[in-house]
Amino acid sequence: MKSLGHPETAMEARVERAIGNLPVVDTTRAVYAVSAFPVASPSYHAVESTSFDVGPRGQEAEFFLRLANDEVAELVDDDVAFAAAKRFHELGLSPLPAGRAPTERAVLFTRLGSGWRTAKIDDLMQQDAIARLVAMQKTIAAGERLGRPWSVFDGIDHLWSLISNTSAVLPGDLGWMLAWMNSIRDAVSAAGVDMKPAHGDPHSSNVMLGPDGAMMLVDFDMAGDIDPYYQLGVQMNELYQFESQMRPLLEMHDGQFSEKAFNRCRLYAAADDLYWALRSLLLDVRSPIQGLEFLKYASWRFLRCRMLLGHPGFEERLRSL
């Protein structure tokens, strides 16, 4: 753990400025250390932020300090992310946001103690765990809107505007995939969308597991008002390989199975794969950190999108939405 007052890098200087603007931290005794190291593939974990454990010298860290990286700053609404963190904590679904240093794009959370760990896909595939996660998402969706309407299709458009004139390595069939997104967007819009507040990024790396089956959500950069079937489709796509495994999640969510709702989830899954492939390419172009496998992660998401779009029954899903 490093004491304040002797930053050796630009990031450490930023951390110390943030800590100095967080009254809840005793700066006369505070020390800090990197909490998580970035891994782009296969988990896309800690690549869009840099985090530190913070606490009194000689004691266990009390806080978790998260600093948003600037490479994707225009994709994140910091105010909404912080508001979501506060609301989800009030619902008992996330750690306490103990303070914020907006200039440094830093948020301080009460640190989850021993016995807590990041979830893995195998953890969330278990019946009790996924039922709990779906219930948490439904609790969030029952509240008032967050004030940030978001769709994956608008997100793809935004990313493409940022990437199209860069040196990003683009697949030869990207135009084909983008054309499909227009068709999916039109079909979803015609069927109607009921926007609900949501965490928005339910990947396993954003779920924390604790003692006695406890579960909490972290990372609120994607929080907004979203079609609930988008989030559910993302969850299905990450956890399961076969659609027979995915269908029970829709029953958990809706209380019954509907082919139309399931089709919507699967259409969103293809769009989400393209979105995160493009977002990873943007990081590959912009990130100052060398050696992270952004291209590998993007290639995997492009491949899975391609497989969904090319499935013989995919167009039928679109037409029956």
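Quick caveat: nothing in here was measured; it's all calculated off a predicted structure.

1. Looking at empty space enclosed by the protein
Taken as a whole and judged by the stated rule, the model has 1 cavity of 30 Å³ or more. Space inside the largest cavity adds up to approximately 70 Å³. Elements with a minimum of two residues in the lining of the largest cavity: helix H4 (127-141), strand S8 (196-198) and helix H7 (228-239).

2. Some words on the sheet that holds strand S7 (residues 117-118)
Spatially, 3 strands are ordered S7-S9-S10 in an open sheet, and the strand pairing comes out antiparallel. Two strands close off the open sheet at either side, each with one partner strand: S7 and strand S10 (215-217). Taken together, the 2 bridges between S7 and strand S9 (residues 207-209) define a ladder with antiparallel strand orientation. Residue pairing for S9: Arg 117 is matched across the bridge by Leu 209. Of the strands in this sheet, S9 and S10 are in contact with H4, which crosses S10 at around 45°.

3. A look at the nonpolar core
In terms of nonpolar packing, the biggest core is built from 49 residues, with Val 152, Ile 156, Met 181, Ile 184, Leu 274, Phe 302 and Leu 309 touching the most fellow members. Of all elements in the fold, only helix H5 (152-163), helix H6 (174-191), H7, helix H9 (259-286), helix H10 (294-309) and helix H11 (314-319) reach the threshold of two or more residues within this core. For this core, the element with the most residues is H9, which contributes 13 residues. Core analysis: the next-biggest nonpolar cluster, separate from the first, contains 34 residues, Ala 84, Ile 130, Phe 220 and Cys 265 among them.

4. Some thoughts on the sheet that holds strand S4 (residues 63-68)
The 6 strands are arranged S1-S2-S3-S4-S6-S5 in an open sheet whose pairing can be described as antiparallel. For this open sheet the edge positions go to strand S1 (2-3) and strand S5 (97-101), each flanked by a neighbour on one side alone. Bridge count between S1 and strand S2 (residues 30-34): 2 bridges; the pairing is antiparallel. Bridge assignment links Ser 3 to a residue of S2, and that residue is Val 31. Packing against the sheet, helix H2 (residues 78-90) makes contact with S5 and strand S6 (106-110), and its axis sits at approximately 170° to S5.

5. A word on H5
Given a rise of 1.5 Å per residue, 12 residues ought to cover 16 Å, and the 16 Å separating the end C-alpha atoms of H5 matches this to within 8%. Its buried side turned inward, H5 meets H6, H7 and H9.

6. So, the packing of H6 against H10
With their axes 11 Å apart at the nearest point, H6 and H10 run at an angle of 60° to one another. Between H6 and H10, the crossing angle belongs to the class labelled oblique. As for the relative orientation of H6 and H10, their crossing is left-handed in sense. In this structure, H6 uses Leu 174, Trp 176, Met 177, Trp 180, Met 181 and Ile 184 to contact H10, whose residues at the interface are Phe 302, Cys 305, Arg 306 and Leu 309. For the contact of H6 with H10, the per-class residue count stands at 9 nonpolar, no polar and 1 charged.

The rules we used
- Residues numbered from 1 in each chain as written.
- Predicted model: local features only at pLDDT ≥ 70, side-chain atom pairs only at ≥ 80, totals over all residues.
- Heavy atoms only, no water.
- 1 Å grid on protein atoms, 1.4 Å probe; cavity = no way out; pocket = protein on both sides within 12 Å on 5 of 7 lines; lining within 4 Å.
- Points joined across faces, edges and corners; volume = space filled by probe spheres on them.
- Helix = DSSP H or I, 4+ residues; strand = E, 2+ residues; numbered from the N terminus.
- Pairing = 2+ DSSP bridges.
- Contact = heavy atoms within 4.5 Å.
- Axes fitted to C-alpha atoms, helices over the stretch in contact; angles between N-to-C directions.
- Core = buried A, V, L, I, M, F, W, Y, C linked by side-chain atoms within 4.5 Å.
- Buried < 20%, exposed > 50% of the residue type's maximum accessible area, 1.4 Å probe, protein only.
- Expected span 1.5 Å × (residues − 1).
- Parallel < 35°, antiparallel > 145°, perpendicular 65-115°, else oblique.
- Left-handed = near helix turned anticlockwise from the far one by under 90°.
- Nonpolar A, V, L, I, M, F, W, Y, C, P; charged D, E, K, R; others polar.

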